[in-house]
Structure formats: C-alpha cells, structure tokens
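# Per-entry structural report
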Amino acid sequence: MTSIDSREPTFEDLKLLTEVSQLLTLLDLDNVMQQVIRLMSSAVGATKASLFLQDGHDIDWNHIFLTRDLAPDQSITVVQAVLDEGLAGWVMRNKQSSIVYDTLNDPRWHLFPDDNTAARSALCVPFMNGDRVLAVLTLIHTEINHFSDHHLYLMTIVANQAAVALRNAQLFNEIQSQQRQLEIVLHAIPDILLVLNGDGRILMANDSAINFLGVNSREKLIGQQLADFESEKALNPAQRIINKSKVNNDYWAFETRSENTEQDFLVTMSRWVNPTNHDSGFVVVMHDVTTLRDLHRFKDEMLRIVSHDLRNPVSLVITARDMLEMDMPALPEDSDIPQYMNIIKQATERMDTMLDELLRTETSSRLNINPIELVENVLKDLMPMARRKKQTLESDINLDDVSSFVVDPMLIREAMDNYVSNAIKYTGQGGHIVVSAFVQDQRFYFQVEDNGIGIAPEHLEHLFEPYYRIDRPEMYQEDGYGVGLNLVKTIIERH
C-alpha cells in the first residue's frame, strides 16, 4: 500500500467526476455497473477490468462483470479464487484501495496457470456504503508500474461517489424483485384480491379479481371505481364501508353472494395506511365458500327431510303408548310400569317438540324464544334424573323483565341440557344443584352451581377439550366420553 497522491485535479479528473455524478440518475443496476467500468477504466488507461457486486455478506453472482473472455463456469472459478487468495479479496477484507506495481512480485496477486491476460500491474478499489463493502473494482494493465498514486487517489474518490449510484440501483433492483415476487404470489392465490385507495379506486387486482369482474385485462381494471361495477351486488357491502364519511374500524369481515356467478364469499376487508404521505385505502379479499354453503344448504335440506319423515314413527310410538295406557289393567301400588310409561311419554313428547323446532328452522335457524319457558322446560326434563340420585335441583330465575331473546332453540336447549346434566352426573347422592338465569348488561346468563366432586386447578385448562376426562375413580362411575362441555362451549360460541 502506497501513500495517496493528493495533487490538484486536472480538467480530465473533474470531467470524470461530473460523468460519474450523472450515474445517480440511473436505476438499472447492470447499466450502472457497465458505466462505472467504462469510465474508470478509461480514466486510468486500464486494459482489463472486473467488478464484483456484494449482496449482504456474499457475492452477487448475478452481477459480476469481467472484461475477459471467460465461459460462465470459468468466471465463477476465477472470481472465487481471486476473492479467496487474490487482490480483490484482500481489498474486500481490509476495506481499502491498493496498487500492485508488479504482479510477479506481489503475493496478493493470484496467478492462474492458463492465464494469458499478461497482467503486470493492477489497481483495486472498494465501493463503500458506510462500513459495508458494496463492490470491488479491479483494473489491470500489461505493463509494470502503470498505475500511480494519483490514479489510486482519483479512483478512490470516484468509487466513493459511484458507490451512491450503485447502492441506489441496488435498492431499486431489490424493490423491483420484491414487487415481482409479491405480484406472482398475489396473482397465484385463488382468492379475489383488490387494493383500493380511500375513494374506492382500484390500485391493484389479481387474476381472480379480473376474471370475477369480467374485465379483459388488468390495464382496463386499474383506475376504475369499485362503484362502477353496479351489476355486481356482491361488492355492495364493501362499497358501503368505503362510502362512510368516518370509518373508525381497521378490519371488517362479512359474507356476501354474487347472483351473477352464483358464488358465496367470505370477505375480509382491512385498511392500509402509508405514513409517509398520509395516504390510505382498503384491501378486499374475497374467499369463495360456495362449496361450504352448498353443503350447509344440503345439510339443512336433509334435516328438514329427516325431521319430516321421523314424524310418522314418533306419532306411532305416542299412539301405541296411549293405547297401552287405556287398555292397561289395574296394577299394584308398588309397580314400576306407570313410571316407565311416563318416561316414554316425556321422551316422545320431547322428540316431537324437537321435530317441531327443526321444521320451524326452514325459514330461520334463530327464533324469538321465551327464556323463562326455555329454562323451566330444561329443569322439568332433568328433574327425574336428579331425583334418581336423591339430589335437590333448585332454580333461581330472574327474567321477569325479558319477554324474549333470539337464539337457535334446538342448540341452546341442547347446551343447557348438557350443562345441567353434567352437574347432576358428577354430583353424588343427595347432592345440591342450583340453576340461575338472569340478565345483566344486556347479556343473558345461565349459571349452574353444585357441590359435586369438583375439578382440580391443573385440569381447568382442559375443561372444554373434547374427549378429555380426569383420571379419577369417581369420574368413571358415570358413563361419558368427555364431549358434553365441549358441545356447550361450541354452541355458545356459535351464538
């Protein structure tokens, strides 16, 4: 390493610096690298040059420029050897420029056995971005002592200035690459995706959105208003959100249906904000749930068919039971037959009620239900179960101010039954159970307390897990699969 010559710059030096400064306007990385090699090689009269671009901590193998006639596989071999043992590697590791006056007498110059470039002197400079090496340029000449201290000084200044242009082009290249990757991902997803500005103008759309909106090309779609697609009613909920003068939410989820394509969609809509220019807009993602909705409709249809077809056998059981009761001879006072007949009556009446409720769900699965009547019916049905264990089943119903509420009657009844019967099952003989029902802060509460076997704290986190049962002898005295409370939780979440 020699001392740097800091003599006054010549007119040619100033002209070179001016031309290098113009590289700041270029954003094409390959073009910037080619111009850097051309300008710097010409300024010092180099016969050959090479420029290696650094990508993080590794060489960017896609951006290596050599003014030597080498095959691609040879270029990789040469560059790797130079970085490991040669001058360019030394400059990169030490982060400083250097001259080799005679390649035959400098150990930093790596000689290749079949090299015919006749390089006898070299100059190598790093392009620095702070403490990081962006690139390394090596200039060579066929004569010894060709490069001077002034060349080294000039090339160091030029490299410092050109580093800014290289970094700008590198960043632009990375942004373009990331944008292409993002576009590939967005266009590949099957969901419909639209990116809108704050006024509902379309800024980006993937292929699924183009097909859904029936537009021939992306260019015809970009820039249009979402409101322009009036015939597509599935977009109306999103448009209403956009039309609100003040929107406080950042996320919306709703379902919609397209009559044009006969598709059902689950739509998620979120707000995006650019803090730089205070711009904002919306991202709309429409997930096709047509198959799920068709299955749901098929399930409802099957329920209606089954509930209708079950009426005949249930009616026969009710009729047969009534006839048996009428024809039954006098029985001893200690006979269990009347109790069994009463159980049949309660069970068939409950099944008949369930079938009525199923049929009523043809128009809506949620109905206005009298909460007092609902709770009382649950307690009435479960009272015999509690009596068999000599338990007291008390109620504290405080719903006088509530005339009705909207629920799925079958599901909420099933949840209540499971909740209370769970308490009866795991409360011992002669136990005490209290069922409370009340309204507070516009919420309906159904609460069950008992003096049963209880649940240890370490098992509470598993309380609603399906098929989870505590390994205790008293637990297995009762039949069960550990799904009751999971069913209760699922039903409440659905409401």
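Please refer to the structure placed before this passage.
Below you will find a few notes about this structure.

Cut-off values and rules
- Residues numbered from 1 in each chain as written.
- Predicted model: local features only at pLDDT ≥ 70, side-chain atom pairs only at ≥ 80, totals over all residues.
- Heavy atoms only, no water.
- Phe/Tyr/Trp six-rings, centres within 6.5 Å; stacked < 30°, edge-to-face > 60°.
- Helix = DSSP H or I, 4+ residues; strand = E, 2+ residues; numbered from the N terminus.
- Lys NZ or Arg CZ within 6 Å of the ring centre and 35° of its normal.
- Pairing = 2+ DSSP bridges.
- Axes fitted to C-alpha atoms, helices over the stretch in contact; angles between N-to-C directions.
- Contact = heavy atoms within 4.5 Å.
- Patch = residues over 30% accessible without salt bridge, like charges linked within 9 Å, V, L, I, M, F, W, Y side chains within 5 Å.
- Areas by Shrake-Rupley, 256 points an atom, 1.4 Å probe, with all protein chains shown as cover.
- Salt bridge = Lys/Arg side-chain N within 4 Å of Asp/Glu carboxyl O.
- Buried < 20%, exposed > 50% of the residue type's maximum accessible area, 1.4 Å probe, protein only.
- Left-handed = near helix turned anticlockwise from the far one by under 90°.
- Nonpolar A, V, L, I, M, F, W, Y, C, P; charged D, E, K, R; others polar.
- Polar contact = N/O pair within 3.5 Å; in protein donor to acceptor, adjacent residues only side chain to side chain.
- Expected span 1.5 Å × (residues − 1).
- Parallel < 35°, antiparallel > 145°, perpendicular 65-115°, else oblique.
- Core = buried A, V, L, I, M, F, W, Y, C linked by side-chain atoms within 4.5 Å.

Applying the stated criterion to the full structure yields 4 aromatic pairs. Ring geometry for Tyr-419 against Phe-446: centres 6.3 Å apart, planes inclined by 50 degrees, an arrangement best described as tilted. In this pair, Tyr-419 sits in helix α13 (residues 409–425) while Phe-446 sits in strand β15 (residues 443–450), placing the two residues 27 residues apart along the sequence. Taking the ring centre of Trp-90 as reference, the NZ or CZ of Arg-108 above it sits at 4.6 Å.

So, on to the sheet that holds β15. Read from one edge to the other, the open sheet built from 3 strands follows the order β12-β14-β15, with strand pairing classed as mixed. Each edge of the sheet is formed by a strand with only one pairing partner; in this case those strands are β12 (392–398) and β15. Taking each pair of neighbouring strands and ignoring which way they run, the sheet shows an average axis angle of 10 degrees. Direction of pairing for β12 relative to strand β14 (residues 432–440): parallel, over a ladder of 7 bridges. Each residue of the ladder has a partner; that of Asp-396, found in β14, is Ser-436. Where helix α12 (residues 371–388) meets the sheet, it contacts β12, β14 and β15, and its direction lies at approximately 175 degrees from that of β12.

Turning our attention to unusual backbone geometry. Apart from glycine, the bulk of residues carry a negative phi angle, and the bulk of peptide bonds sit in the trans form. For Lys-95, which is not a glycine, the phi torsion comes out positive at approximately 55 degrees. Here Lys-95 lies in the loop between α4 (87–94) and β3 (98–100).

This part covers a nonpolar patch on the surface. Together, Phe-298, Met-302, Val-306 and Leu-310 make up a nonpolar patch on the protein surface, roughly 350 Å² of accessible area in all. Inspection of the secondary structure assignment puts Val-306 in helix α9 (residues 290–309).

This next bit is on the pattern of salt bridges. Counting across every chain of the model gives 10 salt bridges. Among the salt bridges present, the one from Asp-207 reaches Arg-218, with a minimum N-O distance of 2.4 Å. Here Arg-218 lies in helix α7 (residues 218–221) and Asp-207 lies in helix α6 (residues 207–213), a separation of 11 residues in the sequence. Looking at Asp-207, the relative accessible area reads 35%, which means it is partly exposed. Using a relative accessible area of 25% as the deciding quantity, one classes Arg-218 as partly exposed. In this structure, the salt-bridge partner of Lys-489 is Glu-493, at a minimum N-O distance of 2.6 Å. Of this pair, Lys-489 and Glu-493 both sit in helix α14 (residues 484–494), 4 residues apart, which is roughly one turn of the helix.

The subject of this paragraph is the packing of α13 against α14. It is at 9 Å that the axes of α13 and α14 come closest, and there the two elements cross at 145 degrees. In this structure, the crossing between α13 and α14 has a hand that is left-handed. Mapping the contact onto sequence places Leu-411, Ile-412, Glu-414, Ala-415, Asn-418, Tyr-419 and Asn-422 in α13 and Gly-484, Leu-485, Leu-487, Val-488, Ile-491, Ile-492 and Arg-494 in α14. Taken together, the residues of the contact of α13 with α14 sort by class into 9 nonpolar, 3 polar and 2 charged.

Once that is clear, we can look at α4. Among the residues of α4, Leu-87, Ala-88, Gly-89, Val-91 and Met-92 are the ones counted as buried. Downstream of α4 by one or two residues, Lys-95 has phi in the positive range, about 55 degrees.

We now examine the environment of Thr-256. On the secondary structure map, Thr-256 appears in strand β8 (residues 251–258). Considering only alpha carbons, one finds Thr-256 and Met-286, 30 residues apart in sequence, at a separation of 9.1 Å. Contacts of Thr-256, omitting those with residues within four sequence positions, involve Lys-233, Ala-234, Pro-237, Gln-263, Asp-264, Phe-265, Val-267 and Met-286. A polar atom in the side chain of Thr-256 sits 3.1 Å from the backbone oxygen of Ala-234.

This paragraph deals with helix α2 (residues 29–44). In a regular helix each residue adds 1.5 Å, so 16 residues correspond to 22 Å; α2 covers 23 Å between its end C-alpha atoms and thus fits that length. Where α2 is concerned, the buried positions are Leu-29, Val-32, Met-33, Val-36, Ile-37, Leu-39, Met-40, Ser-41 and Val-44. A positive backbone phi angle near 70 degrees is found at Gly-45, which sits one or two residues after α2.

The strand order across the open sheet formed by 5 strands is β7-β6-β10-β9-β8, and the pairing between neighbours is antiparallel. Looking along the sheet, the strands with just one partner apiece sit at the ends: β7 (202–205) and β8. Neighbouring strand axes in the sheet, compared pairwise and without regard to direction, differ in orientation by 25 degrees on average. As paired elements, strand β9 (residues 263–274) and strand β10 (residues 279–288) share 10 bridges and run antiparallel to each other. Pairing of Phe-265 across the sheet is with Asp-288, part of β10. Helix α8 (residues 236–243) rests against β6 (192–197), β8, β9 and β10 of the sheet, and its axis sits at about 145 degrees to β8.

Side-chain alternation along β8 places Trp-252, Phe-254, Thr-256 and Ser-258 on a buried face and Tyr-251, Ala-253, Glu-255 and Arg-257 on a face that remains uncovered. Pairing of β8 with β9, which is carried by 8 bridges, proceeds in the antiparallel orientation. Within β9, the residue paired with Tyr-251 across the bridge is Ser-270. Two successive antiparallel strands, β8 and β9, enclose a turn made up of 4 residues, where Glu-262 displays a positive phi of approximately 55 degrees.

Before going further, it helps to spend a moment on the packing of α2 against helix α5 (residues 149–188). α5 packs onto α2 with a crossing angle of 170 degrees between their chain directions and a minimal axis gap of 9 Å. On the basis of their axis angle, the class for α2 and α5 is roughly antiparallel. Of α5, the residues touching α2 (which contributes Leu-29, Val-32, Met-33, Val-36, Met-40, Ala-43 and Val-44) are His-151, Met-155, Val-158, Ala-159, Ala-162, Ala-165, Leu-166, Ala-169, Gln-170 and Asn-173.

Okay, the nonpolar core next. Within the largest apolar cluster, 35 residues are counted, with the highest numbers of intra-cluster contacts made by Met-40, Val-125, Phe-127, Leu-137, Leu-139 and Met-155. Among the elements of the structure, α1 (11–21), α2, β1 (48–55), β4 (121–129), β5 (132–141) and α5 are those that each provide at least two residues to this core. For this core, the element with the highest residue contribution is α5, accounting for 10 residues. Excluding its chain neighbours within four sequence positions, the residues that come into contact with Met-155 are Leu-16, Met-40, Ala-43, Val-44, Leu-123, Val-125 and Leu-139. With 26 residues, the next largest nonpolar core counts Ile-192, Leu-196, Ile-210 and Trp-252 among its residues.

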